[in-house]
Amino acid sequence: MGGRANFAAALAAGLAVSSFQVAIAQTSNTSNLPVPDPAFKGTIGKSFEDSRPDFPQPIHPPKGAPNIVVVLLDDLGFGQPGTFGGPVPTPALDKLAAQGLRYNRFHTTAICSPTRAALLTGRNHHQVAFGTITELATGYPGYNTVWPRSTASVARVLTENGYSTAAFGKWHNTPDWETSPIGPFNHWPTGLGFQYWYGFQGGETSQWEPQLFRNTTAVEPSRRPEEGYHLTEDLVDDAITWVNRQQSLAPDRPYFVYFAPGAVHAPLHAPKEWIDKFKGKFDQGWDAVRQETFERQKKLGVVPADAQLTSRPKEIEAWNSLSPDAKKLYARHQEAFAGFLAHTDYHVGRLLEAIAKLPNADNTLIFYIAGDNGPSAEGSVTGTLNNVMTQNGIPDSVEAQLPKRDEIGGPLHENHYPVGWAWAGSSPFQWMKRVPSHFGGTRNGMVVSWPSHIKAHGEVRSQFHHVVDIVPTIYQAVGIKAPDRVDGIEQMTIAGVDMSYSFDNAGATGMRTAQYFETGGHRAIYQDGWVAASFHGVPWQLTGSVGFKDNKWELYNIDADFAEAHDLAAAHPDKLAELQKRFDEEAAKFEVFPLDDRFAERASGADRPSLTVGKTRFLYSAGVTRVPEGSAPSIYQRSHKIIAKVTVPDSGAEGVIVAEGGGSGGYALYMKEGRLHYGYNFFGKEIYDVSSSEPLPTGDVEIEVDYQQQPFKPLVETNGGVADLRVNGKSVAKGNIDNVVGVRFSATETLDIGMDLGAPAVPTYREKLPFAFTGEINSVEFELAKEQPILKENGATVGPGSGEGGFER
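Just so it is clear, the structure is predicted and the values come from calculations on it, not from any experiment.

By size, the foremost hydrophobic cluster in this structure holds 90 residues, and its most contacted members are Phe168, Phe259, Trp286, Tyr330, Tyr368 and Trp421. Here the element with the most residues in this core is helix H8 (residues 324–356); it accounts for 14 residues. Contact partners of Tyr368, with chain neighbours within four places excluded, come to Val71, Leu73, Leu93, Leu96, Asp345, Val348, Leu352, Gly445, Met446 and Val447. By size, the runner-up hydrophobic cluster in this structure holds 52 residues, among which are Leu33, Leu72, Val128 and Val486.

Shown next as structure tokens:
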């Protein structure tokens, strides 16, 4: 009876106090994480009657630690959201700014993966091995994109300090060769400290037909685009559900939410009703819109009254010089972007409203960063219906796009606007995304709100800061220090500085006195109000190298010249030399060398770790899906065979046997209406169909696609080859595929066996997606030629067809 009474008393005590209020809660020093297991402080007798229990208690943050929310939009320029003077109203961001502060001298790295690595670690991007995006990794410490264990993420540190942590949306920080559904997962969000993630891998995805993961499990959207699905809405819904659940179950535990939608990165996808709101709003063109933006920026006070608007680069055409057709097309592209941004602001606003309704909402520190870099020029000078195509080095044209103008923004295209709109969106600065030498690439607006601690409302802060400064500001707000060791690994020193000194002191002296910038060979260094900058070529040129001999450097005094309008290099050569020397010192310190300005050439990644490098045979079973391109057979401009062994029932069969890619490009071997088809999608410009005239026989059938590549010049040449479709060894159809993809079909679409997930690789079965095969698939095998046929300067060829290479069986 005494034992039962003690148990009842203990149970009652457990119900009366929460785990965060117990006197014996773990509060060990968190300089080393994870905190060691606590020693047992109870007593152990021979039975429970003469023993006293002692449960390990959960770690909890310091008393009063705030909830943390970081919102990071994608590819949004300083001069695009209305909150910073842009032409697109952003009322949700306006509301947050009215409750907090706008920072008008906040900086990113000028491109995606690097900014995110710096944001989540508080270290410079090269320190975290992200000197470039994951798809362009090279085998050097600053560029291999393998997140070092010596740079633990803020999510890991907060989790180990008792926070609930979750990430939503884009994750572009897993090595390209580790993004398959079998991992490894240590560089996925849940492997880097987040307890929950819902989103997509890679740089971009269709907003209508995304390929998603929940933690490490591949999942599909709950609806089709024709049923009203859009990714931004889905991500917000999931984030609201998570926050509500977390606060319902553990209201005493603070949370960290990292919300990074794919918006407003290309493809610029938005519901038609949102795009239509902006019909005719941009007919005046990019020159006028940039000027209008500049005037609004001055009225808002986010740009000083004495700032000067920088001029249009000679490489970008004046709006008035364009043809009427070009103006009509380009205006529509910008309407789609504006609809996308307005739609994003509305739905992020829903998340912020949901957070504001929660208990302890006033003690929620929100960082809303309006862009991970400047506006994107990847749509090329003409804009495009297929952003992946232009990144493969294939241009689009006004003539090709104009007939499909009204479809822009919908699920049929991977559309992106022309570079003129990117330039307009970087007002008042020079250049745009992928140009860290100038503020058009690195200056992004940021809003900070913390109602219980920031007393100033609606004010502007102009201290010079960088994305590496977010993490130390979070640690200061929480009341913890960056750990010295995590999992026994000594941690790199945090590169950022705490920004909280500026929260209630607009005139406070800036604490960041220097910062280097580099990606893709563009370089800059800030020091004590001066900037030295070396521009390295237009960012929409995605092939070739400018080189690093005799590069020009410019010099700006940004305390007197906010927009970098006046180059002072000739007037102050000593100051320029001083800053160039400082850049080299920082570059050596932070793993910036060796400089590399190539883009498309780095995508092949021949020397990277890979599931495919050196292999010429691949065998897949039925039901293998969501194999990312980086882990799929590399058939680009290469002779190959696809051999499928299937069983067709007496009633016949239809559906996809194998497909790879999506609307941006790809191929599919499938049956439809009794006939066998091999379809090839060349960037949506040309759809090739090699199909049988007779129904497929029933029973066990061997199907083969034998594709012979014609000799080609490397990288961007698009000449194709001949596909021979065979059934049980007999040729049933043969056809030319005049142009084939050279580098990549898509950003996030995958190889699927037995169905086609995501967007259709060829459009002929869109209405039947995922168009699962109704027969039985026994195996699908790929055989690749040992070498690709390459046309040499003397006209000779090597590789298949020339007596060299051939298929390895």
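This model, assessed by the stated rule, comprises 40 aromatic pairs. Judged by centre distance (5.8 Å) and plane angle (20°), the ring pair of Phe194 and Phe256 falls under stacked. One end of the pair, Phe194, is in the loop between strand S5 (164–171) and strand S6 (196–201); the other, Phe256, is in strand S9 (residues 255–260), with 62 residues separating them in the sequence. Using a relative accessible area of 3% as the deciding quantity, one classes Phe194 as buried. With a centroid separation of 4.3 Å and 15° between ring planes, the pair formed by Trp431 and Phe535 is classed as stacked. Here Trp431, found in the loop between helix H11 (419–425) and helix H12 (439–442), pairs with Phe535, found in the loop between strand S18 (530–534) and strand S19 (554–557); they are 104 residues apart in sequence, far enough to count as distant. For Phe535, a relative accessible area of 24% puts it in the partly exposed group. Each residue in the set Phe130, Trp147, Trp171, Phe194, Phe256 and Tyr258 is aromatic and connected to the rest through ring pairs, giving one cluster. Between Arg214 and the ring centre of Tyr198, over which it is positioned, the NZ or CZ distance is 4.2 Å. Above the plane of the ring of Phe439 lies Arg443, whose end atom (NZ or CZ) is 4.2 Å from the centre.

One pass over the full model with this rule turns up seven cavities of 30 Å³ or more. Here the largest cavity is characterised by a volume of approximately 380 Å³. Taken together, 22 residues form the lining of the largest cavity, with Ile133, Glu135, Gln391, Phe599 and Ala747 sitting closest to its centre. For the lining of the largest cavity, a count of residues per class yields 10 nonpolar, six polar and six charged. By volume, the second largest cavity is sized at about 190 Å³. What lines the second largest cavity is a set of 18 residues, and nearest its centre among them are Thr179, Gln201, Pro628, Ala747 and Thr748.

Position of Gln80 relative to the elements: it lies in the loop between strand S2 (67–72) and helix H2 (91–99). The exposure class of Gln80 is buried, given its relative accessible area of 2%. One polar contact links Gln80 to Tyr417, side chain to side chain, over a distance of 3.1 Å.

Pairing within the open sheet is mixed, and its three strands lie in the order S1-S14-S15. The open sheet terminates on both sides in strands that have one partner only, identified here as strand S1 (32–33) and strand S15 (489–490). Relative to S15, strand S14 (residues 485–486) is paired through two bridges, and the arrangement is antiparallel. Within the sheet, the bridge partner assigned to Arg485 lies in S15 and is Glu490.

For the coordinates displayed, the defined rule picks out 32 salt bridges. Among the ionic pairs, Arg512 bridges to Asp469, the shortest N-O distance being 2.8 Å. Linking Arg512 in the loop between S15 and strand S16 (514–519) with Asp469 in the loop between strand S13 (465–466) and helix H13 (470–478), this pair joins segments that are 43 residues apart in sequence. Considered together, Arg512 and Asp469 belong to a single accessibility category, that of buried residues. Among the salt bridges present, the one from Glu654 reaches Lys768, with a minimum N-O distance of 3.7 Å. On the criterion of sequence distance, the pair formed by Glu654 in the loop between strand S22 (640–648) and strand S23 (655–662) and Lys768 in the loop between strand S30 (750–753) and strand S31 (776–784) is long-range, its members being 114 residues apart. A relative accessible area of 25% means that Glu654 is categorised as partly exposed. Under the relative-accessibility criterion, Lys768 is labelled partly exposed at 35%. Look at the salt bridges and you will find they share partners, linking Asp74, Arg116, Lys170 and Asp372 into a network.

What follows is about H13. H13 sits mainly inside the fold: eight of its nine residues count as buried. Turning to H13, its buried residues are Ile470, Val471, Pro472, Thr473, Ile474, Tyr475, Ala477 and Val478. Looking one or two residues past H13, Gly479 carries a phi angle of roughly 95°, positive in sign.

Ordered in space as S16-S17-S18-S19, the four strands form an open sheet in which the pairing is antiparallel. Looking at strand neighbours, the two that pair on one side only are S16 and S19, the edges of this open sheet. Strand-to-strand twist across the sheet, computed as the mean angle between neighbouring axes with direction ignored, equals 10°. As paired strands, S18 and S19 are joined by four bridges and run antiparallel to one another. In the strand pairing of S19, Val531 is matched with Tyr556.

Once that is clear, we can look at the environment of Cys112. Along the chain, Cys112 turns up in helix H3 (residues 112–121). Judged by relative accessible area, which is 3%, Cys112 ranks as buried. With 344 residues separating them along the chain, Cys112 and Ala456 place their C-alpha atoms 31 Å apart. Leave out the neighbours within four places in its chain, and Cys112 touches Ile133, Lys170, His172, Asp372 and Asn373.

What follows is about the packing of helix H5 (residues 231–249) against H8. Where H5 contacts H8, the axes come no closer than 9 Å and their chain directions differ by 5°. With respect to H8, the axis of H5 lies roughly parallel. Judged by residue contacts, Thr232, Glu233, Val236, Asp237, Ala239 and Ile240 of H5 engage Phe340, His343, Thr344, His347, Val348, Arg350, Leu351 and Ala354 from H8. In terms of residue class, the contact of H5 with H8 is built from seven nonpolar, four polar and three charged.

What follows covers the environment of His640. Here His640 shows up in strand S22. Between the C-alpha atom of His640 and that of Asn144, which follows or precedes it by 496 residues, the distance is 30 Å. Engagement of the side chain of His640 in a polar contact is seen with the backbone oxygen of Arg638, the distance being 2.8 Å.

What counts, and where the lines are drawn
Sequence order as written defines the numbering, with residues in each chain counted from 1. pLDDT decides what is reported in this predicted model: residues at 70 or higher carry local features, side-chain atom pairs at 80 or more are listed and counted, and totals for whole chains, interfaces and linings draw on all residues regardless. The basis for every side-chain value is the complete set of non-hydrogen atoms in the structure, without hydrogens or water. Nonpolar core, defined: a set of buried Ala, Val, Leu, Ile, Met, Phe, Trp, Tyr and Cys residues in which side-chain atoms within 4.5 Å join the residues together. Only protein chains enter the area calculation, which uses a 1.4 Å probe; residues under 20% of their type maximum are buried, those over 50% are exposed, and those in between are partly exposed. In this description a helix means any DSSP run of H or I spanning at least four residues, a strand means any run of E spanning at least two, and both kinds are numbered starting from the N terminus. What makes two residues a contact is simply this: any of their non-hydrogen atoms within 4.5 Å. Side-chain rings of Phe, Tyr and Trp (the six-membered ring for Trp) are treated as a pair once their centres are within 6.5 Å; stacked means planes under 30 degrees apart, edge-to-face means over 60, and tilted covers the remaining angles. Geometrically, a lysine NZ or arginine CZ counts as sitting over a ring once it is within 6 Å of the ring centre and also within 35 degrees of the ring normal. Think of a 1 Å grid over just the protein atoms. A cavity is a set of points where a 1.4 Å probe fits yet cannot get out, a pocket is an open set with protein on both sides within 12 Å along at least five of seven lines, and lining residues have an atom within 4 Å of a point. Grid points are joined across faces, edges and corners, and a volume is the space filled by probe spheres set on the points. Residue polarity is assigned by list, with Asp, Glu, Lys and Arg as charged and Ala, Val, Leu, Ile, Met, Phe, Trp, Tyr, Cys and Pro as nonpolar; anything else, Gly included, falls into the polar class. Here a polar contact means two N or O atoms within 3.5 Å. Within protein one must be a hydrogen donor candidate and the other an acceptor candidate, and residues neighboring in sequence count only if both atoms are side-chain atoms. DSSP-based pairing: two strands are paired if at least 2 bridges between them are found. Any Lys or Arg side-chain nitrogen found within 4 Å of a carboxyl oxygen on Asp or Glu counts as a salt bridge. Angles run from 0 to 180 degrees between N-to-C directions of axes, and those axes are lines fitted to C-alpha atoms, restricted for helices to the stretch in contact. An angle counts as roughly parallel when it lies under 35 degrees, as roughly antiparallel when it exceeds 145, as roughly perpendicular when it falls between 65 and 115, and as oblique in every other case.

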